[in-house]
Amino acid sequence: MAHPRTLDLVIFGGTGDLAMRKLLPALYHLHCDALLPAEARIVGVARDGLDDDGYRSFARTHAERFIGKDFKPAEWAGFAERLVYAQVDALQADSFASLAERLNGRPDGQRVFYLSTAPSLFTTITGHLHGAGLVAADSRVVLEKPLGHDLASSRQINDEVGRYFAEDQIYRIDHYLGKEPVQNLLALRFGNALFEPLWRREWVRDVQITVAEQVGVEGRGEFYDRVGAMRDMVQNHLLQLLCIVAMEPPASIAPDAVRDEKLKILRALRPFGLADVATRTVRGQYKAGASGGQPVPGYLEENGIPGDSRTETFVALKAEINTWRWAGVPFFLRTGKRMQEKVAEIVINFRSVPHSIFGVPATPQHANRMVIRMQPEETVDLHLLAKQPGDVMQLHPVRLDLDFAEAFRTRRLEAYERLLMDVMRGNLTLFVRRDEQEAAWRWVEPIMAGWQAADDRPKPYTAGTWGPAGSSALLSRDGLSWHEEI
Ligand code: NAP
């Protein structure tokens, strides 16, 4: 009988925040559910002078905190046996020898390189991996965001990485695509005949996509100030979510079938001219306020932020898609730090009934609505009107639970678990292809250029609110309001 192939998951940045907070906990859960291949090994890579045991105890100090109630010492002990460490300075070609030594012990194994370091190291790492003879035709590389600062730098990274890895070996992570409700949206849209006829301009009034964080820049001020909300959130996560909502039915769930349809949407986004930038976008920057009942400083008072910074911590904009299906339907995107609540959701607002026979006013409160929530909890709800039991015909809003948590009592995979499984299985459907990423940059760049040309200053908003007043005004001009205001 053939032996199962070995698998080495090599995490560059193996001691970093993302590895401790998300990657190792996700791998631990997969290990506990027996979803990790028996022969899978996790190789942590960083400059620190640790040995395997040192790495295991370093990981353990973080594991209890980030795994929380699911942390079981016995399970952890089994998982920790999979962990090994290689000390590598990504900037030094010769230091890859120690990694080669570890990997060459399993020459026929599958190798996955997860680059969880500063993006400025991505091309150096892939070059040195190639130089050390570690990249095989079936090796895979996982790239974390942000992939570049603009179109030119993202192209440069893609060109460099592409010298050593073919496009189908490159897994660009957008962890929102790994979230269960987002996949459920695909299942609901394309697994049922019910929704598709309604999923168009005739029946959809507007779409709202919100990713609101309660936290501020959390000690990452210097990094964040060079990036801002547009690059950090809109260019990638919000546009990917928009694509999932708006794309045409793909011919299959195969990676390129799905990604071709997403690309068509990105290419069909109506470009923003200077006048649109002024009227259809709102930039904000938080000032001191309160979060969770505690006073919090303003953005300009955070460590590492220049006192005259114009970086936006909030963006709202009105996008439109130039296709027959979506012409005239506004897609409102909104993201910000220090918002009132931590919420990530997609809201599809359907049109009101053409005529009410029940005397119920045709207002947004009474229109049908599908709410796909990714945070704080993962749910999909359809808002309907139903008759309230009783002797009079009285309609009452009800919510139909479409994620069927009761029907499916299996544990849900967290986004990174799902995506790591897909990388190991070689399934690219939920990863971003190069042309998608570049199309997204092509659409956001003129907006950022427009802000610069207009010498735009972000509008201040108090920490712990829903952003500048202009954000509500953006919708009220169309007679609409954000979901939480309905
Ligand atoms: P981090 O906490 O600063 O960790 C960086 C890691 O890279 C450390 O393990 C560090 O270890 C290692 N490293 C730095 N320079 C190195 C070098 N020359 N050679 C080898 N290793 C080196 O960063 P992070 O927060 O984990 O973020 C990693 C990536 O994920 C970034 O691209 C970030 O934007 C992205 N990301 C992070 C999060 C998050 O929640 N943290 C979320 C989404 C995306 P040594 O210093 O010991 O070498």
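Keep in mind it's a predicted model, so treat the numbers as computed, not measured.

### A closer look at the side chain of T281
Take T281: it is sitting in strand 8 (residues 281–287). T281 sits in the buried class, given a relative accessible area of 9%. A polar contact of 2.6 Å, which involves the side chain of T281, links it to the backbone oxygen of V277. Here the side chain of T281 touches W451 through a polar contact of 3.1 Å, side chain to side chain. Ignoring sequence-local partners within four residues, the contact set of T281 consists of F272, D276, A316, L317, I447, W451 and L474.

### Overview of the nonpolar core
Ranked by size, the top nonpolar core spans 121 residues in total, and within it L24, L27, W76, F331, I346, I348 and M370 carry the most contacts. Counting residues per element, this core draws most heavily on helix 9 (residues 228–246), which supplies 12 residues. Summarising the domain contributions, this core has at least three residues from each of domain 1 (6–172) and domain 2 (177–412 + 435–485). Sequence-distant contacts of F331, defined by excluding residues within four places in its chain, comprise V207, L242, V245, A246, L317, K318, A319, I321 and W326.

### Describing the domain arrangement of the protein
Under the domain assignment, the protein is made up of domain 1 (6–172) and domain 2 (177–412 + 435–485). Each partner contributes to the interface: domain 1 provides 14 residues, whereas domain 2 provides 13 residues. Between domain 1 and domain 2, the buried area comes to about 1,200 Å², and carbon and sulfur atoms account for 44% of it. For domain 1, the biggest contributors to the area lost against domain 2 are K145, H149 and L151; these three give 45% of the whole.

### A short note on the site of the ligand
In the vicinity of the ligand, 20 residues are found, and the nearest of them are T15, D17, L18, R47 and T117. Between the ligand and D48, the relevant distance is 3.4 Å, taken from an oxygen atom to a main-chain nitrogen or oxygen of the residue. Relative to its unbound accessible surface of 880 Å², the ligand loses 77% to contact with the protein. Taken together, the residues of the shell around the ligand sort by class into 7 nonpolar, 6 polar and 7 charged.

### Things to note about helix 10 (residues 255–268)
Since the α-helix packs 3.6 residues into each turn, any two residues three or four apart lie on the same face. Compared with an ideal rise of 1.5 Å per residue, which puts 14 residues at 20 Å, helix 10 spans 20 Å between its outermost C-alpha atoms and is within 8% of the ideal. Listing the buried residues of helix 10 in full gives A257, V258, R259, E261, K262, L263, I265, L266 and A268. Turning to helix 10, the residues buried within the fold contact helix 9 and helix 13 (434–453).

Basis of the calculations
Position labels on residues start from 1 in each chain and follow its written sequence. The predicted nature of this model means local features are confined to residues of pLDDT at least 70 and side-chain atom pairs, given and counted, to a pLDDT of 80 or more, with totals for whole chains, interfaces and linings taken over all residues. Values reported for side chains reflect all heavy atoms of the structure, with hydrogen atoms and water molecules removed beforehand. Helix and strand assignments follow DSSP, with helices taken as H or I runs no shorter than four residues and strands as E runs no shorter than two, numbered in order from the N terminus. Here's how the labels work: a residue is buried when its accessible area is under 20% of the maximum for its type, exposed when over 50%, partly exposed in between, all with a 1.4 Å probe on protein chains only. A 3.5 Å cut-off defines polar contacts: any pair of N or O atoms within that distance qualifies, except that in protein one atom must be a possible hydrogen donor and the other a possible acceptor, and neighbouring residues in sequence count only when both atoms are side-chain atoms. Whether two residues are in contact is decided by their heavy atoms: any pair within 4.5 Å suffices. Joining through side-chain atoms within 4.5 Å is the link that ties buried Ala, Val, Leu, Ile, Met, Phe, Trp, Tyr and Cys residues into a set, and such a set is a nonpolar core. An automatic or database domain assignment supplies the residue ranges for each domain. Summed over both partners, the accessible area lost on bringing two parts together, with a 1.4 Å probe, is the buried area. Each residue is tested against the molecule or strand, and it is near if at least one of its non-hydrogen atoms lies within 4 Å. Using a 1.4 Å probe, accessible areas were evaluated by the Shrake-Rupley method; residue-level cover was limited to the displayed protein chains. Only Asp, Glu, Lys and Arg are considered charged in this grouping, and only Ala, Val, Leu, Ile, Met, Phe, Trp, Tyr, Cys and Pro are considered nonpolar; every other residue, Gly among them, is considered polar. Multiplying 1.5 Å by the helix residue count minus one yields the expected span of that helix.

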